[in-house]
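Coordinates in review
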Amino acid sequence: MTVAVKEKSLAQPKKSFWKRFTRFIKKNPAGFIGIFLVSISVGCAIFAPWLTSFDPGKASLVSRLTPPSWSDPTGESTFFLGADQLGRDLFTRILYGARISLMVGFFGVLISLVIGTILGLVSGYFGKWLDDFIMRVADIQLAFPFILFAIVVMSILGTGIWKIIIILGITYWVGFARLIRGQVIALKEQEFIHAAKAIGGTNFTVIRKHILPNVLSSIFVLGTMYIAEFILLEASLTFLGLGVDPTIPSWGGMLADSRNYITTAWWTAVFPGVAVMFTVLGFNLLGDWLRDRFDPNMKM
Amino acid sequence: MLTYVIRRLLHTVLVVFAISLIVFFAIRLTGDPVSVMFGAGEPTREAIEEITKNLGLDKPLYIQYGLFLKGVVTLDFGTSYRSGMPVTDLIFERIGATLALALGGIVVAILIAFPVGIISAVRRGTPIDFFGRIFSLIGISFPNFWLGIMLILVFAVTLKWLPSSGFDGFSSLILPSITLGMILSGILARLVRSSMLEVMNQQYIATAKSKGISSWAVIIKHAFRNALLPTITFLGLQFGSLLGGAVIIEQVFAWPGVGRLIIDAINQRDYPVIQGGVIFLAIIMVVVNLIVDLSYSIIDPRIKTGKGSN
Amino acid sequence: MKKMFKTRLVAILAILMLVLAACSSEGGKTTTKTEGESKPTSGENPAASRGNEVVVGISSDPQSWDPIDTFLLDWSTVANSVFEGLVERTLDLELKPGLAEKWEYTDNNTIVFTLRQGIQFHNGEPFNAEAVKYTFDRLLGDEGKKGPQYSNYTSIESVEVNDEYTVTMHLSNADPVLLTKLAGYGAVIVPPGYIEEKGDENFNNNPVGTGPFKMTSYKRDQEAVLEKNENYWKEGLPKLDKVTFKIIPEPSTRLAELQTGKIDIMKRVDVAQADTIKGTDFLELKEVGTPTVYALRFDTAKEPMGDVRVRQAINYAINKEEIISTILNGYAKPISTFQSELSFGNNPDLKPYPYDPEKAKELLKEAGVAEGTALDLFIPGTDGNFKEIAQAVSFYLEEVGLKVNINSVDGTTLTSDLIPKGDAGHMYRNGWGGWTLDFDNTAYLMYYEGELWNPSFKDEKVEELLRAQRASVDQTERAAIFKQLTELLYELAPEVNLYQAVDLYGVNKRLKNFQPPNEDRMRLEEVTVE
């Protein structure tokens, strides 16, 4: 990894860019690490087929639980990070797993972001009974046990990765709604909003042109952090028996299903854990940095 | 103020009512409790019908719901199908363990988040800030069951310092509290740090510093105070969900809390326990939210006009 | 330049730290592993200080100890030490006199029991004919009808007290497995005075029986403490002073407790954990065949599963032996019909369908199943080990040109909703083990039309045979019927019979004479501590 950094630096012809780059790292080491880790997982997700010669679905019970090639006493293992419970290459599964985890994180957040933003804007802007109503619905959503909610949704819609994305998306709109509502209430009292209304702007245009742009950065920050949380929640769902089809290489599924192997085939539990840790840490650091940059006083 | 309180109380009743309605009908969409009871036995059609009748599950749904609602008003949630015990008793015998874990988690979170948050704010941009933040984020970088199992492997199995499970004295509280606390501390440390920064940029701190007053004294006196309010808000809002939301941690550490009661009841489709448990938690959550909102507007009158007017 | 170098150093250091953090977390596990293996040299047994007391780790709490309220295996694990029936079933599955000294069938529908004298319940109440009558009146009465046990004993019409120590049991119809049923679960004898005085609710939490141990404390979802019954009727038993059952749901935590000596017996060891126990010097792994069998059952209402050739083809296509030897690490046994080798009615002449993908392809072609036909498989999401099996199955079926979509769903929804309604896809996992060890119980529920767990299978001949065996108490006649039935079911292939489960117990070596039970009903009165 250090080599990669160096190469990148040498390959930069423009000194000014390099200067800016180093200054950035110096000022925001955490932000840099965040961007770096997130880019690695995104890179793994996009380039998975080119980074490995194995097929993530190709199983062979003969190579079940083969240790990683560098820690195999017999020296026969050809699997860089070992093989899983069905003899599939763990490295390949983890690379492809990035796709699933990022998909859960990204689309899950997209759903909750859209619902939460709309409801938050409406609630904060119009206030009164609409605000009361939306906030009480939020209370109901929060008080309803997540697991029960997941079981009920799954028994209506069936199972699968998209159902999990929907469940996460519907459950977590509350965070966005509350955040946006608070900011809209604050914005509403400001001069420029009054001015915009005074010159005859409709509610819709005021929200779209003057309020939404001012809350976008918070949405963005919270969304980044929620991606991290959703990746972990997918694992928790598998732990509780509500996960995705086991043939799908999801990090959460791998972690939950291999927890009993920790003492006998540690690599099946450790490497997906490391992958999750780096990615989640990456998104959290990225979120932190974005917040520092855009909205340092955000309370969350 | 009084009308506000009354209005919010009225809303609370509405919320609890809505939750009772949703829970009641939602759990009836996911299978039936009678065939689950049989385990290793013989669920013949006749037997299932008989038990369904005995449990009153053959009555029309609106009648069942009416009976249930009548119970809720008198805080009588009925009897568990599985244990034959009154649901209220089942919940109350677990409150101790649940509170202990929630408080333990909060204490650990504060112990991690305050030092980390304060130091990273004061030494903003230094390596200390950097590593402090990474450290506080470790807890939310793993799924909680994984973190719990790892802690057990390290501190119970390998080092043999602490018990790995159970609800048996202070030592058994440590690992589950750390697991829960580490999850909270990531967000809390962030909160403390940004609250500190907000004040530290202000003029009077700089003035105080320039006057040669020990910078730590100033920080503790002014900045720390500013961090307290959002912390209390955050913990208050989390407290409700901490009571029931630590399900996985309770499962891993065999902790006899309310969360596990509800999840076991869900798995057994023990309707009265699910209904009672969910409503109990909902009441606590809504009430805590209400208290937080009220105290907030008393402590910081800015709230009414909205916060963050800077 | 110097500045730039410094910046770069910081960045590199930061990355290194992260890698180190990752490696150390990984290193932590490696040490745990070697620790487990290197323990043999230290040789110290962490449980030694507990003396004549034993702690057992079980996975779930039955919530109520009243025998008529529950049908859970974990209930029997604990309650088998507290309660006893008229008949006793030994760990070797033989029926012996229990609280009844002897019994006699006066005709097909009447049994006379002579009771053992001088036995007391844990509360000092005498055990006598009244207690027996009370037990069955309660089981078959209003209180019993609230629980799942009642339906198992409907063949008993009434119990009549002849004198203090003899009772007559009148049956409404012949029941070939009644004596087995009297050895456990709902038919264990309960104290009338105690229940009448203290009430049913109290009995849920404070059970009283005649067994070798009495329950002295119960904390729901934590532990049940059993102490030696000093007045136990078997001479010199039990040998232990105290047994504590701890409820620990998560298997990795249970294993940690066993490794640290906090528990002496771990129930439900996962196949993945077996090697860890074998690698620890003060622990041993005990395995025992159970009546529980696992199959992928077909919903014959869903095309193309209605075609017997397709069902047979899938049976040929799956390499069950390989599944058992690899994924289950040999801790399972092959089966040919949906019952274990312990079951009365098992036909040892039938051999499981051999692994023959060519034959499978042929049959599929004959049946006109197109290459790439997709089948839905439903499995419970909580069973990690079975998820592996389901994936292996999907690979085998891919080889013969079928595509399998695995749906991993909430276990309770699967058994109580999806399967009964016929919404569990083309095939679904079904695990079943009748504790009566008789095929009657299983076969009736699985193959008779209209039964809860038979969404669609129907065969006139099968139903006829099922009715015929139920009408008879002559075991040779029933055996002959079952032989015919198993052969027929083998041909019809209403399921892929995967394996008979083997239960694994992790046991601390300081325990002597612990024999793992076949069907979870642990017996600890003979166990001693070194």
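Definitions and limits used
- Residues numbered from 1 in each chain as written.
- Chains lettered and ligands numbered in written order.
- Predicted model: local features only at pLDDT ≥ 70, side-chain atom pairs only at ≥ 80, totals over all residues.
- Helix = DSSP H or I, 4+ residues; strand = E, 2+ residues; numbered from the N terminus.
- Buried ≥ 20, exposed ≤ 12 C-beta atoms within 10 Å, placed from the backbone.
- Contact = placed C-beta atoms within 7 Å.
- Rg over C-alpha atoms; globule rule 2.2 N^0.38 Å.
- Nonpolar A, V, L, I, M, F, W, Y, C, P; charged D, E, K, R; others polar.
- Axes fitted to C-alpha atoms, helices over the stretch in contact; angles between N-to-C directions.
- Parallel < 35°, antiparallel > 145°, perpendicular 65-115°, else oblique.
- Left-handed = near helix turned anticlockwise from the far one by under 90°.
- pLDDT = per-residue confidence, 0-100.
- Pairing = 2+ DSSP bridges.
- Core = buried A, V, L, I, M, F, W, Y, C linked by C-beta atoms within 7 Å.
- Domains from an automatic or database assignment.
- Expected span 1.5 Å × (residues − 1).

**Structural notes on the overall build of chain A**
What chain A contains, in helices and strands, is 12 helices and 0 strands. Starting at the N terminus and ending at the C terminus, chain A contains elements arranged as α-α-α-α-α-α-α-α-α-α-α-α. Taken over the C-alpha atoms alone, chain A extends approximately 80 × 60 × 25 Å along its principal axes. In chain A, which comprises 300 residues, the proportion classed as buried is 56%. For chain A, the share of sequence-separated contacts (at least 6 apart) that also reach a separation of at least 24 residues comes to 71%.

**Topic: the overall build of chain C**
Across its full length, chain C carries 16 helices and 19 strands. Radius of gyration (C-alpha) of chain C: 27 Å, near the 24 Å computed for a compact globule of 530 residues. Counting only residues that meet the buried cut, chain C has 54% of its 530 residues in that class. For chain C, long-range pairs separated by at least 24 residues make up 71% of all intrachain contacts whose partners lie at least 6 apart in sequence.

**Focus on the environment of R190 of chain B**
All names here are of chain B. Position of R190 among the secondary structure elements: in helix α9 (residues 171-200). By C-beta crowding, R190 is classed as buried, having 26 other C-beta atoms within 10 Å. Separated by 91 residues in the primary sequence, R190 and L281 have C-alpha atoms spaced 27 Å apart.

**Some words on the interface of chain C and chain B**
Residue-level contacts link 50 residues of chain C with 46 residues of chain B. For the side of chain C that touches chain B, the elements supplying multiple residues, two or more each, are α1 (2-42), α6 (200-205), β10 (242-247), α7 (251-259), α13 (411-421) and α14 (439-447) of chain C. For the side of chain C that touches chain B, the element with the most residues is α13 of chain C, which contributes 6 residues. Residues that form the side of chain C that touches chain B fall into these classes: 13 nonpolar, 21 polar and 16 charged.

**Overview of the packing of helix α8 (residues 173-188) of chain A against helix α10 (residues 203-239) of chain A**
Residue and element names in this part refer to chain A. Taken N-terminus to C-terminus, the directions of α8 and α10 make an angle of 155°; their axes are 10 Å apart at the nearest point. It follows from the interaxial angle that α8 and α10 lie roughly antiparallel. For the element pair α8 and α10, the recorded crossing hand is right-handed. Residues G175, F176, L179, I180, Q183, V184 and L187 of α8 lie in contact with α10, whose contacting residues are I211, N214, V215, S218, I219, L222 and Y226. Class assignment for the residues of the contact of α8 with α10 results in 10 nonpolar, 4 polar and no charged.

**Some words on unusual backbone geometry**
All names here are of chain C. Of the consecutive residues L237 and P238, the connecting peptide bond is found in the cis state with omega at -10°. Within the secondary structure, P238 sits in the loop between β9 (223-228) and β10. Between E303 and the following residue, P304, the backbone shows a cis peptide bond with an omega angle of 5°. Take P304: it is sitting in the loop between β12 (283-298) and α9 (308-317). A positive phi angle, close to 65°, is found at N513, a residue other than glycine. Mapping N513 onto the fold places it in the loop between β18 (511-512) and β19 (528-529). Assessed through the 12 C-beta atoms surrounding it within 10 Å, N513 is described here as exposed.

**Observations concerning the confidence of the model for chain C**
Residues and elements named next belong to chain C. Per-residue pLDDT for chain C averages 86, and the proportion of residues at 70 or more is 92%. In the predicted structure, residues 1-42 sits below a pLDDT of 50 and forms 43 contacts with residues beyond four places in sequence or in another chain. Predicted complex metrics record ipTM = 0.86 and pTM = 0.87.

**Description of α13 of chain C**
Here α13 of chain C lies mainly inside the structure; 9 of its 11 residues are buried. Inspection of α13 of chain C places T412, T413, L414, T415, S416, D417, L418, I419 and P420 of chain C among the buried residues, and these make up the whole buried set. Each element contacted by the buried residues of α13 of chain C is listed here: α6 (146-157) of chain A, α2 (33-37) and α13 (258-268) of chain B together with β14 (373-380), β15 (402-409) and β16 (427-432) of chain C. Looking one or two residues beyond α13 of chain C, the residue adopting positive phi is G422 of chain C, at roughly 70°.

**Describing the sheet that holds strand β5 (residues 110-115) of chain C**
All names here are of chain C. In spatial order, the strands read β4-β5-β7-β6; together these 4 strands make up an open sheet with antiparallel pairing. Single-partner strands in this sheet number two, and they are β4 (100-107) and β6 (156-163). Pairs of neighbouring strands in the sheet enclose a mean axial angle of 20°, with direction left out of account. The sheet contact formed by β5 and strand β7 (residues 166-171) spans 5 bridges and is antiparallel. Residue T110 lies in a different strand from β7, and its bridge partner there is H170.

**Here's the deal with the nonpolar core**
In this structure, I19 of chain B together with L377 of chain C are the most contacted members of the largest nonpolar core, which totals 328 residues. Residue-level mapping places this core at the junction of two domains, with at least three residues from each of domain 1 (16-73) and domain 2 (87-299) of chain B.

**A word on the pairing of strand β8 (residues 213-219) of chain C**
Along a regular strand, successive side chains alternate from one face of the sheet to the other. Residue and element names in this part refer to chain C. Of the strand pairs in this sheet, β8 and β9 are connected by 6 bridges, and their pairing is antiparallel. Looking at β9, one finds that F213 is bridged to K228. Joining the antiparallel neighbours β8 and β9 is a turn of 3 residues, in which D221 adopts a positive phi near 65°.

**Thoughts on helix α3 (residues 29-51) of chain A**
With 23 residues, α3 of chain A extends just 28 Å between its outermost C-alpha atoms, more than 12% less than the 33 Å of an ideal straight helix rising 1.5 Å per residue. Listed as buried for α3 of chain A are P29, A30, F32, I33, G34, F36, L37, V38, S41 and C44 of chain A.

**Observations regarding the confidence of the model for chain A**
Residue and element names in this part refer to chain A. A residue-level look at chain A finds 93% of positions with pLDDT of 70 or above and a mean pLDDT of 83. Mean pLDDT per element in chain A: helix α1 (residues 2-11) is the minimum at 44, and helix α4 (residues 90-126) is the maximum at 92. Contacts for the low-pLDDT stretch residues 1-12, under 50 throughout, to residues beyond four places or in other chains number 8 contacts.

**A closer look at the packing of helix α5 (residues 128-143) of chain A against α8 of chain A**
All names here are of chain A. The geometry of α5 relative to α8 is characterised by a closest axis approach of 10 Å and an angle of 145° between their N-to-C directions. By crossing handedness, the relation of α5 to α8 is classed as left-handed. The segment α5 lies against α8, with I134, A138, Q141 and L142 engaging V174, A177 and R178. Residue composition of the contact of α5 with α8, grouped by class: 5 nonpolar, 1 polar and 1 charged.

**What to know about the pairing of β5 of chain C**
Residue and element names in this part refer to chain C. On β5, burial follows the alternation: I111, F113 and L115 on one face are buried, whereas T110, V112 and T114 on the facing-out side are not. Relative to β5, β4 runs antiparallel, the two being bridged by 6 bridges. Following the sheet pairing, K102 is matched in β5 by T114. Here β4 folds back onto β5 in antiparallel fashion, the turn holding 2 residues.

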